[in-house]
Each structure stands twice: as structure tokens, then as C-alpha cells.
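# A look at the structure
So the chains spell out like this:
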Amino acid sequence: MAVYAATDHKITVNGTNLSTVLQSVSIDLSSDELETTAFGGGWRTRVAGLKSGSVTLNFFQDFGAAMVDATLHPLFNGGSYATVVVTPTSSSVSATNPAYTAVCLVSQYQPFSASVGDIATLSVTWMTSGTVSRATA
């Protein structure tokens, strides 16, 4: 896959495909930067430390069965974790269509966020718990 327009992402939360009600998705991965500079050097040196991640999902709210509210509210209410899987397209997972999988603590949910006449949307950012994996098959 070369340069592409993000028009066909597949995003599931605990196995429920919510792609049709998602406006955007972001997976952010980082690692701590630990300084290893010793006397005698003129430049700072660093190594990677613990890794962390977060997943941000921007939804169009939908109160239908197996949609946004029915999927997210029970996870938040139960203090649960959700498995979020994101692929660039809805095609099968492959070397050119990798699946990123993250287990996230569902620590926030905002069922209502709109002004009069606006599209009902909501945004969540969940921290990952453990490794964010990348599958190609």
C-alpha cells in the first residue's frame, strides 16, 4: 500500500465494528527517554525506557443496538478494559494492511456532547495496558 486517503479504516471495540460511526482514530505510542550521559562527553546520551500508548476515538454518537452507547457505556460502568483493533482498510490483515491491537482501560465516556443543531459526537482517549501489537497475518 502506498500513500492513501483514510476512507476505509476498520476499527473494532471488543469485537464490535464501529467504523461507520467513527470520524477519526489516533494511536499514540511513546517510550520514556532515560539519560545515560556520563562525565567526559560533550553530548547527552539516552536510551529508551518503559513504553506507553493511548488510543483516541472520535465518534458520531449512536444509541442503536450494538453501536456506540450500547458498546461503551457498559465498559465504562464496569471499569473494564476494551480491546481496540485498527486496520488501514477493511480488507484482510496483511503485510500492507497491518492490524494494531491495544487493550485499553475504559476510563472515560461522554454520552452527550453537542449544542443545538450540531451533530452529536463524543471523543474518548484511553490509555493502553500492556503491549500494543502489530499483526500482518
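Quick look at the structure, then. What you see is a predicted model, and the numbers here were worked out from it, not measured in a lab.

Analysis parameters
Residues numbered from 1 in each chain as written. Predicted model: local features only at pLDDT ≥ 70, side-chain atom pairs only at ≥ 80, totals over all residues. Heavy atoms only, no water. Helix = DSSP H or I, 4+ residues; strand = E, 2+ residues; numbered from the N terminus. Contact = heavy atoms within 4.5 Å. Buried < 20%, exposed > 50% of the residue type's maximum accessible area, 1.4 Å probe, protein only. Polar contact = N/O pair within 3.5 Å; in protein donor to acceptor, adjacent residues only side chain to side chain. Pairing = 2+ DSSP bridges. Axes fitted to C-alpha atoms, helices over the stretch in contact; angles between N-to-C directions. Patch = residues over 30% accessible without salt bridge, like charges linked within 9 Å, V, L, I, M, F, W, Y side chains within 5 Å. Areas by Shrake-Rupley, 256 points an atom, 1.4 Å probe, with all protein chains shown as cover. Salt bridge = Lys/Arg side-chain N within 4 Å of Asp/Glu carboxyl O. Core = buried A, V, L, I, M, F, W, Y, C linked by side-chain atoms within 4.5 Å.

## As for the environment of Gln108
- Looking at the element boundaries, Gln108 is found in the loop between strand 6 (99-105) and strand 7 (121-127).
- Separated by 36 residues in the primary sequence, Gln108 and Leu72 place their C-alpha atoms 9.3 Å from one another.
- When near neighbours in sequence (up to four residues on either side) are disregarded, Gln108 contacts Phe76, Ser123, Val124, Thr125 and Trp126.

## Here we look at the side chain of Thr87
- Turning to its location among the elements, Thr87 is positioned in strand 5 (residues 81-87).
- You can call Thr87 buried: its relative accessible area is 5%.
- Engagement of the side chain of Thr87 in a polar contact is seen with the backbone oxygen of Thr89, the distance being 2.8 Å.
- Beyond its immediate stretch of four places on either side in the chain, Thr87 contacts His9, Lys10, Val93, Asn97, Pro98 and Ala99.

## What to know about the sheet that holds strand 1 (residues 10-13)
- Read across the open sheet, the five strands follow the order 2-1-5-6-8; overall the sheet is antiparallel. Looking at strand neighbours, the two that pair on one side only are strand 2 (16-17) and strand 8 (133-135), the edges of this open sheet.
- With respect to the sheet, helix 1 (residues 68-77) is in contact with strand 1, strand 2 and strand 5, its orientation differing from that of strand 1 by roughly 45°.

## Some remarks on a nonpolar patch on the surface
- Taken together, Tyr81, Val103 and Leu105 make up a surface patch of nonpolar side chains, about 240 Å² in accessible area.
- Within the secondary structure layout, Tyr81 lies in strand 5.

## Notes on the pattern of salt bridges
- Applying the stated criterion to the full structure yields two salt bridges.
- Between Arg46 and Glu33 there is a salt bridge, with its nearest N and O atoms 3.9 Å apart. Placement of the pair is Arg46 in strand 4 (residues 46-60) and Glu33 in strand 3 (residues 22-35), with a sequence separation of 13 residues.
- A salt bridge links Glu35 to Arg44, with the shortest nitrogen-to-oxygen separation between them at 2.7 Å.
- Take Glu35: its relative accessible area is 44%, and that puts it in the partly exposed class.

## Focus: the nonpolar core
- Core analysis: the biggest nonpolar cluster contains 22 residues, and Val13, Leu57, Phe59, Leu72, Val84, Leu122 and Trp126 have the highest contact counts within it.
- Where this core is concerned, the elements lending two or more residues are strand 1, strand 4, helix 1, strand 5, strand 6 and strand 7.
- When neighbours within four sequence positions are excluded, Val13 is seen to be in contact with Leu18, Leu57, Thr71, Leu72, Leu75, Ala82, Thr83, Val84 and Trp126.

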